[in-house]
Structure formats: structure tokens, C-alpha cells
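# Summary of structural features
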Amino acid sequence: GRWNLECLFNNTDHRTDLNGVDRLIVRRGQPFTVSLYLRSGSYQPGISSLDCVAETGPQPSEQYGTRARFGLSSSMDTSTWSATVTSPPGDMVALSICSSPKAPIGRYTLTLGQSEKIEFVLLFNPWCPADAVYMDNEQNLAEYVLSQDGIIFRGSSKHTIPTPWNFGQFESGILDICLRILDMNPKCLRNPGKDYSGRRNPIYVTRVLSAMVNCNDDKGVLLGKWTDGYEGGVSPLVWRGSVEILRNWDTQSCQPVRYGQCWVFAAVACSVSRALGIPCRVITNYLSAHDTNSNLVIERYVNENGELIQSREMIWNYHCWVESWMTRPDLKPDFDGWQASDPTPQEKSEGVYCCGPIPLRAIKEGELAFKYDAPFVFAEVNADVVTVMKKKDGSTSKVTTIGLVGQMISTKSVGSDSREDVTHLYKYPEGSDEEREAFKKANHLNKLLQENPDPGLHVTIKVTSDMRKGCDFDVFAVVTNNTEEEKKCRLVFGSCAVSYNGVLGGNCGFKDLLNVQLPPGAERRVPLRLNYSKYGDQVTEDNLIRLAVLLHNYSTGEAKLAMRNIVLDNPEIKVRILGEPKENRKLAAEISLQNPLPEPLDNCCFSIEGANLTGGKIISERLGCTVGPGEDAKVKIYFTPTHSGLRKLVVDFDSNKLCHVKGYRNVIIGK
């Protein structure tokens, strides 16, 4: 006999058609249709029987759930593997087949009767109420499973910068690469039968992904690098999306792609999760603590100028991870929903660099014994900061500082490019009774014993709204005397380049005032000028400068420290679409950027990519000429969209002095 897998109908019905309709890709717990054309006469209901066997993995077994035998039944049972005939008697039999909503995901062979073999890929099904990843909101599903692009927030808590990203989870070949990632994981290489069985469980798959997106213990996708240049690879800021990274890993026989940093690890994990059918989103935590000894306290040291002395315990300006949506039958009730997992290699968990999944609710309630890795994530959003001054004579003293960790936890809003604040999913309001209860449960002694700092002398850092790369501008230390008597102080105001994960660079401006006098109730603003001629060569491509003000009170000998990271704004990339955007019609994007620097730009290059817009490729255009100060760099790039709908065209500009400026344009493609 012959058969027809009805791929166009099935893939569209199962919302997998963006992967293509040349093979069968279906979601678990949902029926699909296969048409059989029988040789041996007609099909008679009640007389003809059909044995079906579905198998996945190299050692399929019924015990492991990787092999299922089932026959024809009179009606469809969507709670288990089943098959039923939906056509009238005749030579053509329309079979409706349903997989179990708890079946392992991956590549399947389905044997029908004696000889017919068909192949298909089975994915998680967040549209199916019996699936562990079920999500009951269409807008959320459109964003967290089907959307192939998004926004990742970088910058700083006071100045969040939206960065566009092309997740591209349905681009050609990506699904196969995602399945290969699962096959290359060490648990699979050790015991494939058990690993394939584990693929029924999104908790297991998410934990495997958090290990496999980094290459620290395995043939993982990305190699992280945070210091000393990017020889042998490219800066993490080069990437505009996940597609090129996943393809590079696949074509280079699973050698790690160089290099990634946290938002790249998180974005790739998000692409793979969405490709497999697990709802997923990228999260940014500003002022994220990296607690290496699990005491929920970050100890940082400064010298007498208030300059940080590098230590392994850091506060990252921001840190990105992912949240995936699933039930947690392994925990007590009420911990279903969003689970945090972190593919950036930071600390080992069960001997491997991976982290999570842990329910957000466990972090919020201080349930640190819950699986997996609750203490590390809890510290990222709640650690206390203790600052100690090391003096030249070797003595140390405590410095009063307001260290806020875990601020403005952010993700892209559903259906729009605005920022959604999700801090409340991770922590109770600061100072509330519930927060105290969570800290008690988590044994967070430092926070429970915290006294309010003496309000006598107060120091903060104020900045202007306009801090563009290439400009000179002032930042201000503001000192207030809230006491009844005059105060005499020394004020040290320093600035240095810093990378987003807290590695310090060169000095960008410094001021030391030995005699600051403050009458009772007085406020004083001390400016520090930051000049491009000085900071231009110091700042990394993260565009960050750390400001620190150290205030010594001569009468009491105590020191207060204020710190703040500022982000220099890159120029805006302007994108105009020429022509009416339609499927399979050539379009032009006119892209421009004004040089904000007081010096010329050389080697200018614009690149674009976008899911279903640029054919799964990156299209680049170099400028032949130098772009002088204040002049526009401008190009026209042609591309042909393949599918209708709302898509992001992600744009990158690179040059010798202005690196990896990102921009994007939302384009609505008509049919």
C-alpha cells in the first residue's frame, strides 16, 4: 500500500508548519491524520485489525516508555497512544493517531501492520491540558512558543536598554540541531535508553539544556569568555540571533562556538526550548549577585580611594537567565508555572555546570531545599552586600553602603516590545512581613539582623539623562548633612571602565577633595567631568562606566560609599522599508546611523537578519568610505520575506570605533 502523511494539514493543525511541511512534525496528546491506500481489497470495520508500534531512541522499551503498542479502537483516547479509523469503508483508510501526552519527545518510527513504517518528530504540546507544559492563554503561547524574535534587556537598572534578538527556532534545520543537542548530552551518551525515557519530562529536558548550552562539561554549544579579548572567535556582542550559533555548532561537529556571555547563553536556551515546545522567556536581573560560598553575602573590598579590589564574588551589572513553564509534580503542590534555569556556567550543580529548573515561587518563599539550585538563584536576587576597606597598613574597616541586589527583574511584554517587570514573582516587597518570613526560611541571617544605617551624612550619585558615547558630560556626587553640627569630610570621586559582569578597567576621571565642609542641613553637589578623550579608549563594548564616591567623616573616622554604573548610549539606527512588504517579494531596507564621535569611523558594516525575512541567513553590506564626525553611514540592503505576519528585522552596525550597535524594525508582511 501507499500512504500520505498529510504533512501540510497535520503540521498546520499542530502549529509546527513554520518548520516546513515536507515531513511530519506533531505535538503530543493531539491526534494527527494519516491516509493509507490498501492493496489487499477494502477495509472492513470490525474485521480488519491493525497493529501499531511507536518507537523512539536506540533501545526502545515498553518499560522505559520509549515503545508503545496499540491497535485500532472504536473511538479516540487522547490520554494514551491510540488509533481510530475516521473514513467510510473502502480502499482509502483515514487513520487518526494520537500520542500519549506523557510520551518522550523526539524522533519516532511508527510501524503500521506488518510492513508500513512512517517517521515523525514529536514535540511538547503546551496547547494540550494533559501535557506538563500546558499554558491556557493564546497570547502567551503566541509569545513564548511561536514568536521567533524578541527583546533582551541590557544596560543598567536605571537605564534599561532593549536589545533585539532573532530566536529563529523554526528556521530550516534548527529543530534537528536541537534534537542533536539532546543526543550529545553526557547522560544520553552514558545511557541512551534512560535518557530518551527522561525526555517525557520537561524538568529533565530543561536541566539537560542548562548544561548543554555551555560547553564546560560536555560537547555543549557555546564557550563563555568575559576577559582579555576574543581571539579565536568573536565578541558575544556580534551575535544578532541564535540561528548562526546553532548552525555553527552543528557544522563544526559539535565544537563549542566562541564566544558567549549570559544573554547569548539565555537566548540560545530560549530558542531550543521554544523549538521543542516548552514555553520560555529570557529574564534580566539587574545588580545580580554571584555568591560563591552560599552564605547569601557578597563580600567586596575597596582601597582607601574607594576603588574595588577584584574578588571572585561579584555583582554583575545585569545577568540573564531563562524561565520555562511547566508543572512540578516532584514538589509539593502550588509550585507549578514559571521555573528559572540558567545556562551560563557559574557554579557546579551535581558536579556539572548547570542550574535549575527552580520554581520562582520557591525563591520568593525562601524554600531553599527545593530542586534545583534554589540557594544560588535566591542569592542572585537577595544577597546582602558587605563592603570592607583594606588600608595601606593592612588593617580593615567596614564601609557603610547601600547595596541593593536583584532590581528591576525584566522580560519582554507579551505582544509588545515594552518591558514587563517581574520582580514581584521573585520577591516580596522590601521590608514586608512576608519578605522577613522568606528570609527566616532561607536562614538569611545577615538581612534579618540588618540595622538601618545612620542617616547623618548621606551620599548619592546623580547623572544627567543625556550620556551619549562620544560626548563630554558631568556626573555629580551629592552629599547631604542631616545632623545639627558642621561636618568635615574627605571626598574621593572616581570612575573607571567596567564590563557588565563587574570586571574593572582603566580610569575615566578622578577627583580627591581633602576638605569638604558641610554646615548643618546643607547639601553639596560635586561634579566630575567625563571626557570622551579620556574614556573613549577605556570603555569596553559594554559601554559601561562605574562611578564610586567614598566619603570619609574626619570626626568619626567612618566611611560611606556610593556606587553606580552608567551606560553610554549608542546612536540610534534608523530603518526605512522601501516597497510594500509581501511574501516572496523583494524588499529594500534603507539603514542609517549618524557618527556621534569626534573622530571618523572606518570599516563600517551593516548586517541584517530576521526569521522568515532573510532566508535564514545574515545579509551584510560594507561601506566603501570613511564616515566623518556628525556624518551619516547609510546603506540599502535587499531581502525577500518568505512568510506573512509581524517580524523583527534585526540590524547590527560595526566599525573600528563604534562596535556592534544594535537596532531593529518591526515589519508586517502581507500575504
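What counts and what doesn't
Residues numbered from 1 in each chain as written. Predicted model: local features only at pLDDT ≥ 70, side-chain atom pairs only at ≥ 80, totals over all residues. Heavy atoms only, no water. Salt bridge = Lys/Arg side-chain N within 4 Å of Asp/Glu carboxyl O. Helix = DSSP H or I, 4+ residues; strand = E, 2+ residues; numbered from the N terminus. Buried < 20%, exposed > 50% of the residue type's maximum accessible area, 1.4 Å probe, protein only. Polar contact = N/O pair within 3.5 Å; in protein donor to acceptor, adjacent residues only side chain to side chain. UniProt positions renumbered as here; feature names shortened; annotations may be inferred. Contact = heavy atoms within 4.5 Å. Pairing = 2+ DSSP bridges. Axes fitted to C-alpha atoms, helices over the stretch in contact; angles between N-to-C directions. Phe/Tyr/Trp six-rings, centres within 6.5 Å; stacked < 30°, edge-to-face > 60°. Lys NZ or Arg CZ within 6 Å of the ring centre and 35° of its normal. Domains from an automatic or database assignment. Buried area = accessible area lost by both parts, 1.4 Å probe. Core = buried A, V, L, I, M, F, W, Y, C linked by side-chain atoms within 4.5 Å.

What follows covers the pattern of salt bridges. By the definition in use, this model includes 34 salt bridges. A salt bridge links Asp250 to Arg180; its shortest N-O distance comes to 2.7 Å. Taken together, the residues span a long stretch of sequence, with Asp250 in helix H7 (residues 243-251) and Arg180 in helix H3 (residues 174-183) at a distance of 70 residues. Assessed through its relative accessible area of 25%, Asp250 is described here as partly exposed. Assessed through its relative accessible area of 29%, Arg180 is described here as partly exposed. With a shortest N-O distance of 3.2 Å, Arg240 and Glu609 are connected by a salt bridge. Placement of the pair is Arg240 in the loop between strand S12 (222-224) and H7 and Glu609 in strand S35 (residues 605-609), with a sequence separation of 369 residues.

Another aspect to go through is helix H2 (residues 138-146). Within the sequence span of H2, burial applies to Leu141, Glu143, Tyr144 and Val145. If you check the start of H2, you find a side-chain oxygen 2.8 Å away from the backbone N of Gln139, and it comes from Asn137.

Sequence positions flagged by UniProt for "binding site: Ca(2+)" (unreviewed entry) are, in local numbering, Asn382, Asp384, Glu430 and Glu435. Annotated residues spanning 54 residues; largest pairwise C-alpha distance 13.8 Å, indicating a single compact cluster. Along the chain, Asn382 falls in helix H10 (residues 374-382). Overall, Asn382 belongs to the buried group, its relative accessible area being 5%. If sequence neighbours within four positions are ignored, Asn382 has contacts with Val405, Lys427, Phe439, His444 and Lys447. Take Glu435: it is sitting in helix H12 (residues 433-441).

In this section: the sheet that holds strand S3 (residues 32-37). Spatial ordering of the open sheet is given by S1-S3-S7-S6, a layout of four strands whose pairing is antiparallel. The open sheet is flanked by strand S1 (2-4) and strand S6 (82-85), the only strands paired with a single partner. Ignoring which end each strand starts from, the neighbouring axes of this sheet average 25 degrees apart. Note that S6 and strand S7 (residues 92-98) share four bridges and pair antiparallel. Its bridge partner lying in S7, Ser82 is registered against Cys98.

Here the residue pair Gly356 and Pro357 is connected by a cis peptide bond, since its omega of 0 degrees sits within 30 degrees of zero. For Pro357, the position within the fold is in the loop between strand S20 (352-353) and strand S21 (358-359). Along the chain, Lys371 connects to Tyr372 via a cis peptide bond; the corresponding omega equals -10 degrees. Of note, Tyr372 is situated in the loop between helix H9 (360-365) and H10. Within the chain, Asp373 stands out as a residue other than glycine whose phi angle is a positive 65 degrees. Here Asp373 shows up in the loop between H9 and H10. Residues other than glycine seldom take positive phi values, yet Asn443 does so here, at roughly 55 degrees. Structurally, Asn443 is set in the loop between H12 and helix H13 (445-448).

Where a strand is regular, its side chains alternate between the two sheet faces. Most of strand S4 (residues 52-56) sits out of view: four of its five residues are buried. Of the pairings in the sheet, the one linking S4 to strand S8 (residues 106-112) comprises five bridges and is antiparallel in character. The residue of S8 that forms the bridge with Val53 is Thr111.

This part takes up the packing of aromatic side chains. Under the counting rule described, the total for this entry stands at 20 aromatic pairs. Ring geometry for Tyr230 against Tyr259: centres 6.1 Å apart, planes inclined by 45 degrees, an arrangement best described as tilted. Remark: Tyr259 occurs in strand S13 (residues 257-260) and Tyr230 occurs in the loop between S12 and H7; sequence separation between them is 29 residues. You can call Tyr230 partly exposed: its relative accessible area is 24%. Accessibility expressed as a relative area gives 4% for Tyr259, which makes it buried. Taken together, a centroid distance of 4.9 Å and an interplanar angle of 55 degrees make the contact between Phe606 and Phe653 tilted. With a gap of 47 residues between them, Phe606 in strand S35 and Phe653 in strand S38 (residues 645-654) connect regions that are remote in the sequence. Among the residues examined, Phe653 registers a relative accessible area of 0% and is labelled buried. One aromatic cluster is present, formed by Trp226, Trp263, Phe265, Tyr286, Trp316, Tyr318 and Tyr500 through successive ring pairs. In this arrangement the basic side chain of Arg361 is found over the ring face of Phe335, its NZ or CZ atom lying 5.0 Å from the centre.

Before going further, it helps to examine the domain arrangement of the protein. Assigned domains of the protein: these are domain 1 (2-123), domain 2 (138-446), domain 3 (453-567) and domain 4 (573-669). A C-alpha centroid distance of 38 Å is found between domain 3 and domain 4. Domain 3 puts five residues into the contact, and the matching count from domain 4 is eight residues. Both faces considered, domain 3 and domain 4 share a buried interface measuring about 510 Å² in area, 53% of it formed by carbon and sulfur atoms.

In this section: the nonpolar core. Judged by nonpolar contacts, the single largest core of 63 residues is most densely connected at Trp165, Leu222, Ile245, Trp263 and Leu276. If you list the elements that add at least two residues to this core, you get strand S9 (116-123), strand S10 (149-156), H3, helix H6 (202-212), H7, helix H8 (262-276), strand S14 (280-290) and strand S17 (314-326). Take this core: its biggest share by element is 12 residues, from H8. Excluding anything up to four places from it in sequence, Trp263 contacts Ile152, Arg154, Trp165, Pro236, Leu237, Tyr318, Cys320 and Tyr500. Within the second largest apolar cluster, 54 residues are counted, among which are Val575, Leu587, Ile591 and Val667.

Spatially, S36-S35-S38-S39 is the arrangement adopted by the four strands of the open sheet, whose pairing is antiparallel. The two strands at the open ends of the sheet, each matched to only one other strand, are strand S36 (619-622) and strand S39 (661-669). Between one strand and the next, the sheet's axes are offset by a mean angle of 20 degrees, whatever the strand orientation. Inspection of the sheet shows S35 paired to S38 by five bridges, in the antiparallel sense. Pairing of Glu609 across the sheet is with Val650, part of S38.

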